[in-house]
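# Reading the structure
Spelled out from the first residue to the last, the chains are:
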Amino acid sequence: MAESAVAFLLEKLGAFLSSQLDLVVELDINICSLQNDLALLQEFLKDVDARQRDSERVKVWISQIRNVAFRAEDAIDRYVYEVEFQKRRGGSSKKTANHARRLKIRQELGTEIQGINKMLQKITASRLDFGIEFRQSDEGEASHSSKILHKVMPIVEETDVVGFEQDVKILSEKLTIENPRRTAVSIVGMGGLGKTTLARKVYNSDDVKKHFDCQAWVYVSQKWEHRELLQSILEKLVNPSKQEIAKMNLEGIENKSKEYLSTRRYLLVIDDIWDKLAWDTVRGAFPEGKDGSRIIVTTRREEVALYVDPQGFLHKPQCLDERKSWDLFCLRAFGSKGGCPEGLRKIGKQMVSRCAGLPLAITVLGGLLSVKQKTKVAWGKVLKRITYELHEGEDGQNIQRILRLSYDVLPDYLRSCFLYFRLFPEDSEIDAEELIQLWVAEGFIQERGQETMEEVAEDYLEELVDRSLIQVVKRNSTGGVNKRRIHNLLFYLSISQGEEEKFLCMNVVGNHLPANNVGSTSAPRRVAIHSKESFSKNSNSSWLGSVRSMFWYSDYSFQQSINDLKLLRVLNIKGSYIRRLPKEIGLLVHLRFLGLEGTYIETLPSSIGMLRNLQTLRLGARLDTRDNNGRQLDGKVP
Ligand SMILES: Nc1ncnc2c1ncn2[C@@H]1O[C@H](COP(=O)(O)OP(=O)(O)O)[C@@H](O)[C@H]1O
Ligand SMILES: [Mg+2]
């Protein structure tokens, strides 16, 4: 499991201390030792072998680091809050009292940091007890993982393909059209969309087969091996004996393929390619040719497709529509189209809709139901736990594993950005401008030369689109991403990862957090309330004191006391029922983003002026059509 949030926090802590040298001196903090430990832990986190990330022991170890990092962040943010609070209350008559208070706050921070320092040292030392090993060499891992990943490769049976008629037609045309230049035709989209299925259908179609002198299919995946790739190509082309191939070196294999292909019009499929290097590794085996050879690329990354051929043709298949989704489901559940008994149709359709047109999910769901009794009771049971079945159940894990591959290879700086989507309501279209402002406020954006934070953030957004992790719903006139949406299965991926990493917590109804979340160090840092239920205040709300971001997308009025939310950085109460902002809002010294669009707030309290860290204030009141009790009036909004 990736621990982006932890690495990120450790970096922040280091940066804070370096920027507060006077404090460090005053508190006699051994900054060298602290920074050393931080750097070491960061390296360890990066290096923890991918194979170990799912092990319980490693998870425990990482969660210890997370707790310390959270504790440190809390200590620093509270310190900044208190200092600021003092300044605001400060009058000359209270000078001595203030000074004493100031000293006390500093001492508290000092003690806390000393404690943290010790804990970090302990954790660093304890990694051996936890049996944590680090990657020795990339090669070893590549061969190990390539074997695992080969097993993950979905088995595609062409006979059962639903739809894709139009896609096959478009692609076949591009493959067979008169154009001597060797061209790539790429199929780009998220995992499980049917890229491989589509490529296979085209590859095996009669028109295409007739057109080419020879064809080869190479499956790449995330972890590939140089020799394995080249060898598999040659085997498919000329089928040499095992002894013959064993004698050849890499160059020999490459030359032999090249020589064979130089006189032929070939069709090559590079299936599931993730990185440019993989193409660089095999490209030597494929002569440019002038007789209309073609390469079909399937990938989740548009950038890689364009790397293979910048002038190539990109095709992005769409998710299945409702009718095709149903056909595919019936095919998998009953073995033939339309075989669903009338009485099961409604339940079946409800379940299929949860797959949001993703063939992989529909296939898995159909398979799951094919072995269940075909009764309303049996199907009703599955419907009740459909979320579990699609995400955590034995079959659901297969879906998640395939989707998660995209998350696992995300660079650190994109991970938090991806997890962030979960804070928005499911299936919503998200405004890119707002999202970017939020990322900036959260501190996710790294500085890059002369570029503004917003420019860098736009690149991050494009990169997530490029990796097929999000879909663009609308682009603006200059081609930038305007509105985006996330497939709901990927959305669940961001939930499970997010909760695991204590990145966020959803729908805390009645202020109750799951038991294991209570306590300031392990409480989630971001909370989103999407619930239609009221979020009532009760005594157990101490955990709110360490919440940094609150999304309040509930129909119910926002009543949270600002005093409980001292460390907030982001407050987004867009669209919720609120008429007036409390004046205490001015106390939120860390607040960077305040989203008030679509609320009923018409005037702002003057204390807003005290929010000196505020970067974004989103406004836009709507007309109040409720009565004093918050009930909707009959009149329509003009
Ligand atoms: N149009 C389709 N008709 C029937 N099954 C499909 C279709 N598209 C995808 N599938 C099934 O969905 C699963 C994932 O498809 P696959 O082609 O491997 O996706 P991708 O290559 O985009 O990750 C496979 O089990 C495949 O059989
Ligand atoms: Mg595939």
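For every chain, the first residue of the written sequence is number 1, and numbering continues from 1 along that sequence. Chains carry letters from A onward and ligands carry numbers from 1 onward, assigned in written order. With pLDDT at 70 or above as the cut-off, local features in this predicted model cover only qualifying residues; side-chain atom pairs require 80 or more to be listed or tallied, and sums for whole chains, interfaces and linings still use all residues. Side-chain measures were taken over the full set of non-hydrogen atoms in the model, leaving aside hydrogen atoms and water.

### What to know about the overall build of the chain
Helical segments are the DSSP runs of H or I of at least four residues, strand segments are the runs of E of at least two, and each set is numbered from the N terminus. Across its full length, the chain carries 24 helices and 14 strands. To sort residues, take the accessible area from a 1.4 Å probe on protein chains only and compare it with the maximum for the residue type: under 20% means buried, over 50% means exposed, and anything in between is partly exposed. Per-residue burial over the chain gives 52% buried out of 638 residues. In what follows, residue pairs with any heavy atoms lying within 4.5 Å of each other are defined as contacts. A separation of at least 24 residues holds for 64% of the contacts in the chain among residues at least 6 apart in sequence. Areas reported here follow the Shrake-Rupley algorithm with a probe of radius 1.4 Å; residue values treat only the protein chains shown as occluding. For the chain, the exposed area adds up to about 30,000 Å²; of that, 49% sits on carbon and sulfur atoms.

### With respect to the pattern of salt bridges
The working definition used for a salt bridge is a side-chain nitrogen of Lys or Arg within 4 Å of a carboxyl oxygen of Asp or Glu. Under the criterion given, the structure shown has 25 salt bridges. A salt bridge links Arg-181 to Asp-309; the nearest nitrogen and oxygen atoms lie 3.1 Å apart. Of this pair, Arg-181 sits in the loop between α7 (165–176) and β1 (183–188) while Asp-309 sits in the loop between α14 (302–308) and β5 (313–315), placing them 128 residues apart in sequence. For Asp-309, a relative accessible area of 5% translates into the label buried. Salt-bridge contacts for Arg-448 lead to Asp-459; the nearest nitrogen and oxygen are separated by 2.5 Å. With Arg-448 in the loop between α22 (432–442) and α23 (453–466) and Asp-459 in helix α23, this pair connects stretches of sequence that are 11 residues apart. Each of Glu-73, Asp-74, Asp-77, Arg-548 and Arg-569 takes part in one network of salt bridges that share partners.

### Quick notes on the environment of Ile-245
Looking at the element boundaries, Ile-245 is found in helix α11 (residues 242–247). What Ile-245 contacts, discounting residues up to four positions off in sequence, is Arg-227, Gln-231, Leu-234, Glu-235 and Pro-240.

### Details of a nonpolar patch on the surface
By definition, no residue in a patch forms a salt bridge, and every one has over 30% relative accessible area; like charges are joined within 9 Å, nonpolar side chains (Val, Leu, Ile, Met, Phe, Trp, Tyr) within 5 Å. Where nonpolar side chains cluster on the molecular surface, the patch consists of Leu-604, Leu-617 and Leu-619 and spans about 230 Å² of accessible area. Examined against the element boundaries, Leu-604 turns out to sit in the loop between β13 (593–595) and β14 (616–618).

### Some words on the site of ligand 1
Here a residue is considered near a molecule or strand provided that any single heavy atom belonging to it is located within 4 Å of it. Lining the immediate surroundings of ligand 1 are 18 residues, of which Val-162, Gly-192, Lys-195, Thr-196 and Thr-197 lie closest. The definition of a polar contact used here is a pair of N or O atoms within 3.5 Å, where within protein one atom must be able to donate a hydrogen and the other to accept one, and adjacent residues in sequence count solely through side-chain atom pairs. At 2.8 Å, a backbone N or O of Val-162 approaches a nitrogen atom of ligand 1. The separation between a nitrogen atom of ligand 1 and a polar side-chain atom of Arg-332 is 2.9 Å. Notes on ligand 1: free accessible area 550 Å², of which the protein chains cover 94%. Broken down by secondary-structure element, the contributors of at least two residues to the shell around ligand 1 are α8 (195–203), α15 (322–334) and α17 (359–370). Nonpolar residues are Ala, Val, Leu, Ile, Met, Phe, Trp, Tyr, Cys and Pro. Charged residues are Asp, Glu, Lys and Arg, and all others, Gly as well, are polar. Taken together, the residues of the shell around ligand 1 sort by class into 9 nonpolar, 6 polar and 3 charged.

### Some words on the packing of α17 against helix α20 (residues 394–408)
Contact geometry for α17 and α20: axes closest at 9 Å, N-to-C directions at 165°. Between α17 and α20, the angle is such that the two are roughly antiparallel. Considering the relative orientation of α17 and α20, their crossing is right-handed. Contacts between α17 and α20 pair Leu-360, Ala-361, Val-364 and Leu-368 from the former with Asp-395, Ile-399 and Ile-402 from the latter. The convention used is that axes are lines fitted to C-alpha atoms, helices contributing only their stretch in contact, and that angles between N-to-C directions extend from 0 to 180 degrees. Any angle that is under 35 degrees is reported as roughly parallel, and any over 145 degrees as roughly antiparallel; angles of 65 to 115 degrees are reported as roughly perpendicular and all others as oblique. By definition, any crossing whose near helix is turned counterclockwise from its far helix by less than a right angle is left-handed, and any crossing with a clockwise turn is right-handed.

### With respect to helix α10 (residues 226–238)
Given the number of residues in a helix, its expected span is that number minus one, multiplied by 1.5 Å. The end-to-end C-alpha distance of α10 is 19 Å, a good match for the 18 Å that 13 residues give at a rise of 1.5 Å each. Along α10, the residues that are buried comprise Leu-229, Leu-230, Gln-231, Ser-232, Ile-233, Leu-234 and Leu-237. Where α10 ends, the next residue or the one after it, Asn-239, has phi of about 45°, a positive value.

### Things to note about the packing of α22 against α23
Across the interface, α22 lies against α23 with an axial gap of 9 Å and an inter-helix angle of 115°. In terms of their interaxial angle, α22 and α23 are classed as roughly perpendicular. When you trace α22 past α23, the crossing you get is right-handed. Of the residues in α23, those in contact with Ala-432, Leu-435, Ile-436, Trp-439 and Val-440 of α22 are Met-453, Glu-454, Ala-457, Glu-458, Tyr-460, Leu-461 and Leu-464. Tallied by class, residues from the contact of α22 with α23 come to 10 nonpolar, no polar and 2 charged.

### A few points about the nonpolar core
By size, the foremost hydrophobic cluster in this structure holds 67 residues, and its most contacted members are Phe-329, Leu-365, Phe-418, Tyr-420, Trp-439, Leu-464 and Phe-551. Not counting residues within four places of it along the chain, the set of residues in contact with Leu-365 comprises Phe-329, Met-351, Val-352, Cys-355 and Ile-386. By nonpolar core we mean a set of buried residues, namely Ala, Val, Leu, Ile, Met, Phe, Trp, Tyr and Cys, connected to one another through side-chain atoms within 4.5 Å.

### Some details on the packing of aromatic side chains
Within 6.5 Å between ring centres, the rings of Phe, Tyr and Trp (the latter by its six-membered ring) count as paired, and their orientation is classed by plane angle as stacked under 30 degrees, edge-to-face over 60, tilted in between. Under the definition given, this model contains 12 aromatic pairs. Here Phe-418 and Phe-421 contribute two aromatic rings whose centre-to-centre distance is 6.3 Å and whose plane-to-plane angle is 75°, an arrangement assigned as edge-to-face. Take Phe-418 and Phe-421: they sit in the same class, and that class is buried. Geometrically, a lysine NZ or arginine CZ counts as sitting over a ring once it is within 6 Å of the ring centre and also within 35 degrees of the ring normal. Over the ring of Phe-313 we find Lys-174, and its NZ or CZ is 4.6 Å from the ring centre. Cation over ring: Lys-349 sits above Trp-326, and NZ or CZ is 5.1 Å from the ring centre.

### Some remarks on the pairing of strand β11 (residues 549–552)
Burial along β11 is two-sided: the face carrying Ser-549 and Phe-551 and the face carrying Met-550 and Trp-552 are both buried. The rule for pairing is simple: two strands pair if DSSP sees at least two bridges between them. Two strands pair when backbone bridges link them, and strand β10 (residues 526–529) and β11 are joined in this way by 4 bridges, in the parallel orientation. Of the residues in β11, the one forming a bridge with Ile-529 is Trp-552. By the bridge criterion, 3 bridges tie β11 to strand β12 (residues 570–572) in an arrangement that is parallel. Across the sheet, residue Ser-549 finds its bridge partner in β12, namely Val-570.

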